[in-house]
Amino acid sequence: LLSLTSLAVMISTQAISEHASRDSCWIIVHGKAYDVTEFLDEHPGGSKIILKYAGTDATDAYQPIHPPNAIIDNLPIEKHLGTVDPSTVQKTEKVVSEAEKQRQVLLANRPPLDEILNLHDFEAVAKVILPDKAWAYYSSASDDEITIRENRAAFQRVWFRPRILRDVTSVDWSMTILGQKSSLPVYISATALGKLGHPDGELNLTRAAGKHGVIQMIPTLASCSFDEIVDAAQPNQPLFLQLYVNRDRNLTKRYVQHAEERGVKALFITVDAPQLGRREKDMRMKFIGDDDTAAAKVQENQSNVKKNEGVSRAISSFIDPSLSWKDIPWFRSITKMPIILKGVSTPEDAILALEAGVQGIVLSNHGGRQLDTSRSGLENLIDIVAALKTRGPWPNPNFSVFVDGGVRRASDVLKALALGASAVGIGRGFLYAFCGYGEEGVDKAIKIIADELEMNMRLLGARNLKELVPEMVDASALSSHVGLTPKDNLYDSTYQPLSLAAFKSG
Ligand code: PPY
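In this text, all values refer to a predicted model and were calculated from it rather than measured experimentally.

1. Considering the overall build of the protein
Right, so step 1: Scanning the protein for helices and strands turns up 20 helices and 16 strands.
Right, so step 2: By the compact-globule yardstick of 23 Å for 506 residues, the protein fits well, its C-alpha radius of gyration being 24 Å.
Right, so step 3: Across the 506 residues of the protein, 54% fall into the buried class.
Right, so step 4: Put simply, the protein shows about 23300 Å² of open surface, and 54% of that area lies on carbon and sulfur atoms.
Right, so step 5: Both charge centroids of the protein, one from 56 positive and one from 62 negative side chains, sit 3 Å from each other.

2. Quick look at the site of the ligand
Right, so step 1: Taken together, the neighbourhood of the ligand is formed by 12 residues, with Tyr137, Tyr244, Arg279, His366 and Arg369 sitting nearest.
Right, so step 2: Between the ligand and Arg369, the relevant distance is 2.8 Å, taken from an oxygen atom to a side-chain nitrogen or oxygen of the residue.
Right, so step 3: Here the ligand, which alone exposes 310 Å², has 94% of that area covered by the protein.
Right, so step 4: For the shell around the ligand, a count of residues per class yields seven nonpolar, three polar and two charged.

3. Focus on the packing of aromatic side chains
Right, so step 1: Per the stated rule, a full pass over the model turns up 11 aromatic pairs.
Right, so step 2: Between Tyr137 and Tyr138, the ring centres sit 5.9 Å apart and the planes meet at 50°, which makes this aromatic pair tilted.
Right, so step 3: Owing to a relative accessible area of 3%, Tyr138 belongs among the buried residues under this scheme.
Right, so step 4: Here the aromatic rings of Tyr187 and Phe268 are separated by 5.9 Å at their centres, their planes lie at 45°, and the arrangement is tilted. With Tyr187 in strand β8 (residues 186–188) and Phe268 in strand β11 (residues 266–270), the pair connects residues that are 81 residues apart, well separated along the chain.

4. Structural notes on the environment of Thr92
Right, so step 1: Structurally, Thr92 is set in the loop between β4 (80–84) and α6 (98–108).
Right, so step 2: Sequence separation of Thr92 and Val128 is 36 residues, and the distance between their C-alpha atoms is 30 Å.

5. With respect to the nonpolar core
Right, so step 1: Judged by nonpolar contacts, the single largest core of 119 residues is most densely connected at Phe268, Ile361 and Phe430.
Right, so step 2: When residues in this core are grouped by element, the largest group, 15 residues, is from helix α19 (residues 428–460).
Right, so step 3: With residues up to four places along the chain from it excluded, the contact list for Ile361 reads Ile340, Leu341, Val344, Ala350, Ala353, Ile384, Phe399, Ser400, Val401 and Phe402.
Right, so step 4: One finds Cys25, Phe39, Leu40 and Ile49 within the second-largest nonpolar core, a separate group that totals 17 residues.

6. Observations regarding the pairing of strand β10 (residues 239–243)
Right, so step 1: Most of β10 is tucked away, with five of its five residues classed as buried.
Right, so step 2: With burial as the criterion, each face of β10 is covered, one bearing Leu239, Leu241 and Leu243 and the other bearing Phe240 and Gln242.
Right, so step 3: As paired elements, strand β9 (residues 215–218) and β10 share three bridges and run parallel to each other. Within the sheet, the bridge partner assigned to Ile218 lies in β10 and is Leu241.
Right, so step 4: In this fold, β9 hands off to helix α11 (residues 226–232), which returns the chain to β10; that crossover is right-handed.
Right, so step 5: Summarising the sheet, β10 and β11 pair through four bridges and their orientation is parallel. Bridged to Gln242 within β11 is Phe268.
Right, so step 6: Considered for its hand, the β-α-β crossover made up of β10, helix α12 (residues 249–261) and β11 is right-handed.

Here is what the cut-offs are and how they apply
Residues numbered from 1 in each chain as written. Predicted model: local features only at pLDDT ≥ 70, side-chain atom pairs only at ≥ 80, totals over all residues. Heavy atoms only, no water. Helix = DSSP H or I, 4+ residues; strand = E, 2+ residues; numbered from the N terminus. Rg over C-alpha atoms; globule rule 2.2 N^0.38 Å. Buried < 20%, exposed > 50% of the residue type's maximum accessible area, 1.4 Å probe, protein only. Areas by Shrake-Rupley, 256 points an atom, 1.4 Å probe, with all protein chains shown as cover. Lys, Arg positive; Asp, Glu negative; His and termini not counted. Charge placed at Lys NZ, Arg CZ, Asp CG, Glu CD. Near = heavy atom within 4 Å. Polar contact = N/O pair within 3.5 Å; in protein donor to acceptor, adjacent residues only side chain to side chain. Nonpolar A, V, L, I, M, F, W, Y, C, P; charged D, E, K, R; others polar. Phe/Tyr/Trp six-rings, centres within 6.5 Å; stacked < 30°, edge-to-face > 60°. Core = buried A, V, L, I, M, F, W, Y, C linked by side-chain atoms within 4.5 Å. Contact = heavy atoms within 4.5 Å. Pairing = 2+ DSSP bridges. Right-handed = clockwise from strand over helix to strand, strands pointing away.

Structure below.
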């Protein structure tokens, strides 16, 4: 009733503008006015960014970062003040900054999609056309960014041992992932805040994935709401869900059970991020221009937000660092979905996961964004497969082993599969595809991977995924972290080196 009343109330922009301070702070989002005074210090992105818009319309800053309903769901109903009276809204020309104008020109002049030949091309385009803060957030990794680069280098320490004369007229990579049909041995891994890169955000992935029979893992921290993403899927399009476990387990339970009711097919619990790593490219952006940094995103019911640690890290405060093996039975009790632990690095933990009765693990270092100088998922695969082989049938139909991190080519995928991976996750590769080209970019990225897969399977002499055996790769150099590998020119030219502290200008 209260909400009906507040919706019926019309408020003038003049009245809102009178509440432009820390003591009384009203803002407009999507044509509705909200009193956020008491929320200021709870905002995971800090109070400063809200105060910047105190008494005015915050929609443009809010929109790329928050799912549409975040403010409605998080703010008590009595703080929903009403609808902004349209007759009081001044039609002002939007001021477009010089940088934004330049960016629009670059976007208009980006290479035509048919000149995009590989996933590195998408990354190179994204680097140029994204706003600096979006690029910094997406591309950043932790500390010295050793691991993000090692993720690529590791694939280059594995060499093929192709077989010949096998009649490779037709090759077939049909397969399932966790019982779901997938047109590629690849799934789209979760990456946060998709609307920083493109107005349609994660829906670009959902639509292209639906068209091609590829499986998307929905991120907890998507810019689009969970339901928007599921609504954009085709009937029976399989979707997985990535989960950050909230300190408030009731919220997590509701979220997981809602996902299951809406047909999500597997739950990937992120276990490598009890706290967010230091991503210094992202952190440095805070000192350039305004503080409306990429990672400011409302999550439900945070507590103990540390105010002075930078926004990315403050945001992660809703994630429960107390998560432990003891919680697994609880997850088992709230859902029938297969449970996968995302972010496993050692045989010790792989065995614990098997014993805990989960349905799989992702050998991942979170795209190099968490513990720097962690080994690559590909390298860990060797020891982990060896350990799992001592504990039962291999491959184990009830326990999947996925790998992600640094995958840009179908040859990378084939190396991981040959070494025992059930399938491979690609996060940034697809994210960069939609930054420059929306849904069509993702569509093209999927086709590129399929094309490369067909050719590489032929050249390798594997007519189907069963024929892709460990003998087809030489991984003897994988655990050697010294020595030369050929220079990865494309990757190296898009990889942006870290910068050091800048002197003030003038
Ligand atoms: C990441 O940036 O690596 C994430 O996993 C998303 C995220 C963003 C902000 C807070 C916590 C997690």
